[in-house]
Amino acid sequence: MNALNQVIIEGNVVRQPEKRTCKNGAFFCTVPIATNRSYKGADGNYVNDVSYFDISTFGPMAELCEKWCPKGRGIRVVGRLKQSVWKAEDGKNKSKIEIIAEHVEFKPLFKKNSESAEDDGPASADAKNTTLSKKQKLALLKEAAQAAQNESDVSEEEAEAVF
């Protein structure tokens, strides 16, 4: 019987996702995100706590994340935790825990100014102020939903071959 290993996390992309190739030729995308939490400290003042996580996506989901996850974009991820263990060059044991995404939900991008002109071109992943029209946002959501629906699950062997 497998133990429960599921996580739901919501945060903002902190830098452009990285696309890499697995040993078996398939590719995956790593999306680094930050989550924020604030709480009232013992002194009565609010404290902001930021945590950073790496999200790994595979197959069609990886293609979408590479294309539609510019820095600053909010995403919600449902996935599982995976620990990788290895020996460093100095002989010490190292480990890293990452989140393997099973579902990624893209939060809408909002325009910072009140211009009514719509952007006709696709959003650039490396643009600092990425703006999308309402029509483009709907197309993005439709594309993401179709990819999630058509997504073939990565076998455990393929996921293990990556690490």
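Residues numbered from 1 in each chain as written. Predicted model: local features only at pLDDT ≥ 70, side-chain atom pairs only at ≥ 80, totals over all residues. Heavy atoms only, no water.

(A) Examining the environment of Ile-75 more closely. In this fold, Ile-75 is placed in strand E5 (residues 74-87). The buried category is assigned to Ile-75, whose relative accessible area is 1%. Separated by 31 residues in the primary sequence, Ile-75 and Phe-106 place their C-alpha atoms 4.8 Å from one another. (Helix = DSSP H or I, 4+ residues; strand = E, 2+ residues; numbered from the N terminus. Buried < 20%, exposed > 50% of the residue type's maximum accessible area, 1.4 Å probe, protein only.)

(B) Expanded view of the confidence of the model for the protein chain. Per-residue confidence for the protein chain gives a mean pLDDT of 78, with 68% of residues at or over 70. Across the protein chain, the element-wise mean pLDDT spans from 46 in helix H3 (residues 156-162) up to 96 in strand E1 (residues 7-13). Long-range and interchain partners of residues 114-131, a stretch whose pLDDT sits below 50, account for 23 contacts in this model, where long-range means more than four residues apart. (pLDDT = per-residue confidence, 0-100. Contact = heavy atoms within 4.5 Å.)

(C) Examining the nonpolar core more closely. Grouped together as the largest cluster of nonpolar side chains are 19 residues, with contacts concentrated most on Val-31, Ile-55, Cys-65, Ile-75, Val-77, Val-104 and Phe-106. Residue assignment for this core shows that the elements contributing at least two residues are E1, strand E3 (27-40), helix H1 (59-68), E5 and strand E6 (93-106). The dominant element in this core, judged by the number of residues it contributes, is H1, at five residues. If we skip the residues at most four places from it in the chain, Val-31 touches Val-13, Pro-17, Phe-53, Asp-54, Ile-55, Cys-65, Cys-69 and Ile-75. (Core = buried A, V, L, I, M, F, W, Y, C linked by side-chain atoms within 4.5 Å.)

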